[in-house]
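# Notes for the structure review
Single-letter residue listing:
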Amino acid sequence: IAAVAGQEPQARGRPGPETLGAIPRREGGGAGLSLACKALAQDPLSCETSLRKLKFKGHGSVSPEEAAHAAPFHLDLWFYFMLQNWVLDFGRPIAMLVFPLEWFPLNKPSVGDYFHMAYNVITPFLLLKLIERSPRTLPRSIIYVSIIIFIMGASIHLVGDSVNHRLLFSGYQHHLSVRENPIIKNLKPETLIDSFELLYYYDEYLGHCMWYIPFFLILFMYFSGCFTASKAESLMPGPALLLVAPSGLYYWYLVTEGQIFILFIFTFFAMLALVLHQKRKGLFLDSNGLFLFSSFALTLLLVALWVAWLWNDPVLRKKYPGVIYVPEPWAFYTLHVSSRH
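Criteria and cut-off values
Residues numbered from 1 in each chain as written. Predicted model: local features only at pLDDT ≥ 70, side-chain atom pairs only at ≥ 80, totals over all residues. Heavy atoms only, no water. Helix = DSSP H or I, 4+ residues; strand = E, 2+ residues; numbered from the N terminus. Buried < 20%, exposed > 50% of the residue type's maximum accessible area, 1.4 Å probe, protein only. Contact = heavy atoms within 4.5 Å. Areas by Shrake-Rupley, 256 points an atom, 1.4 Å probe, with all protein chains shown as cover. Axes fitted to C-alpha atoms, helices over the stretch in contact; angles between N-to-C directions. Parallel < 35°, antiparallel > 145°, perpendicular 65-115°, else oblique. Left-handed = near helix turned anticlockwise from the far one by under 90°. Nonpolar A, V, L, I, M, F, W, Y, C, P; charged D, E, K, R; others polar. Core = buried A, V, L, I, M, F, W, Y, C linked by side-chain atoms within 4.5 Å. Phe/Tyr/Trp six-rings, centres within 6.5 Å; stacked < 30°, edge-to-face > 60°. Lys NZ or Arg CZ within 6 Å of the ring centre and 35° of its normal. Expected span 1.5 Å × (residues − 1). Bend = angle between axes of the 7 residues up to and from the residue. Salt bridge = Lys/Arg side-chain N within 4 Å of Asp/Glu carboxyl O. UniProt positions renumbered as here; feature names shortened; annotations may be inferred.

The chain carries the name CLN6 transmembrane ER protein in an unreviewed UniProt entry, which gives Callithrix jacchus as its organism.

Structure follows, in structure tokens:
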């Protein structure tokens, strides 16, 4: 800096006072920024503007600079998401029933458990890669805490879900409550039933909450940066259209089997409100935002059709007596499919 300012360069070692004087102090305010720009031999006005943008860039709404550069469609990440969701999450209980029991004894982890372990590692990695590609600067602290809670919840669910699905080989029926199951209600002492109810609570309630709340929070935070000022860029490419159907179908399974309809509908309407808010500013969803929003819209439609189809089922109505009636696919399977064989 001293050489640029026309001063004699100091010898190697401790810098002289005039060199230190070229670095603005924090209390200098705007004058300090102008001094730094002069020392760097740049135009003070343009340099100061750049420094202020660098210094005061926050995590609020999408800035015009961020909206001007829409991110390309992340075909690789969305495809990996779809593939691992169907194989490692939806395919877990199916693989457990397909593979011979002799290969995975009941007192050892099943093949579905290994699928779940892989899911607990791959999904956080894909979420972090998705956040890295966001055109908007997102708060890292919230992202890291959400990822940690996500892994904890998915790991809790791994244990509870493993035991619950292994109970299927002993006659456990998912369409009945824990205390109403034939293999549970006659256990002695009766305190054992409380232990199974605790296991069910960790699986279906605590595990799901700690798993899905940060998952949808991260997706919504990513979605908040998927806006562009160019309406021409608010289109989905062909591969994105092909991925909407399997993605929306998987989220239908996630919402119904995970019993997280309230969380899902809250996230969907928050996304809708954000779209309407940004539209007033002249911003439109980019290809990634359109893909995510279309997948969730398809999920909502499928959930509505699913509920309407099973609306008058007396057995499922008894298990899900609340105002929000969303039966689980596995409860439907044990009631209407496996019971016939």
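What follows is about the overall build of the chain. Within the chain, the regular secondary structure consists of 14 helices and two strands. Relative to its 341 residues, the chain shows a buried fraction of 43%. Long-range contacts, defined here as pairs at least 24 residues apart, represent 75% of the contacts in the chain between residues at least 6 apart. Carbon and sulfur atoms make up 67% of the accessible area of the chain, which amounts to about 18500 Å² in all.

Okay, the packing of helix H7 (residues 140-166) against helix H9 (residues 191-223) next. Interhelical geometry of H7 versus H9 gives an angle of 150 degrees and a closest axis separation of 7 Å. Between H7 and H9, the interaxial angle falls into the category roughly antiparallel. When the axes of H7 and H9 are compared, the crossing they make is left-handed. A per-class count over the contact of H7 with H9 returns 20 nonpolar, seven polar and two charged.

The next point concerns the nonpolar core. By size, the foremost hydrophobic cluster in this structure holds 61 residues, and its most contacted members are Trp78, Phe215, Phe216, Leu219, Phe223, Leu254 and Phe296. Residue contacts for Phe223: discarding those within four places in its chain leaves Met271, Leu274, Val275, Leu285, Gly289, Leu292 and Phe293. Within the second largest apolar cluster, five residues are counted, among which are Leu167, Val178, Ile184 and Ile193.

With that settled, consider the packing of aromatic side chains. For the structure shown, the criterion picks out 34 aromatic pairs. An angle of 55 degrees between the planes, with centres 6.0 Å apart, marks the rings of Phe99 and Trp103 as tilted. On the accessibility criterion, Phe99 (34% relative accessible area) is partly exposed. By relative accessible area, Trp103 is classed as exposed at 58%. Between the aromatic rings of Phe99 and Phe104, the centroid separation amounts to 6.1 Å while the plane-to-plane angle is 85 degrees, which identifies the pairing as edge-to-face. Over the ring of Trp311 we find Arg317, and its NZ or CZ is 4.1 Å from the ring centre. In this structure, Arg317 is placed above the aromatic ring of Tyr325, and the distance from its NZ or CZ to the ring centre is 4.1 Å.

Before going further, it helps to examine H9. End to end, H9 covers 46 Å across 33 residues, agreeing with the expected 48 Å (1.5 Å per residue, within 8%). Remark: the principal bend of H9, roughly 40 degrees, maps to His208.

What follows covers the pattern of salt bridges. Enumeration according to the criterion identifies nine salt bridges in this entry. As a salt-bridge pair, Arg133 and Asp76 come within 2.8 Å of each other at their nearest N and O atoms. Taken together, the positions of Arg133 in the loop between helix H6 (111-132) and H7 and Asp76 in helix H5 (residues 75-98) put the pair 57 residues apart, joining distant regions of the chain. Close ionic contact of Glu197 with Arg179 constitutes a salt bridge, the shortest N to O distance being 2.9 Å. Taken as a pair, Glu197 in helix H9 and Arg179 in the loop between H7 and helix H8 (182-185) lie far apart in primary sequence, 18 residues in all.

Our focus in this paragraph is the UniProt feature "transmembrane region" (unreviewed entry) in the chain. According to UniProt, the feature "transmembrane region" (unreviewed entry) maps to residues 77-99, 111-130, 142-160, 205-223, 235-253, 259-277 and 289-311 in the numbering used here. Along residues 77-99, the helical share is 96% and the strand share 0%, with 29 Å between the first and last C-alpha atoms. Annotated as 100% helix and 0% strand, the span residues 111-130 places its first and last C-alpha atoms 28 Å apart.

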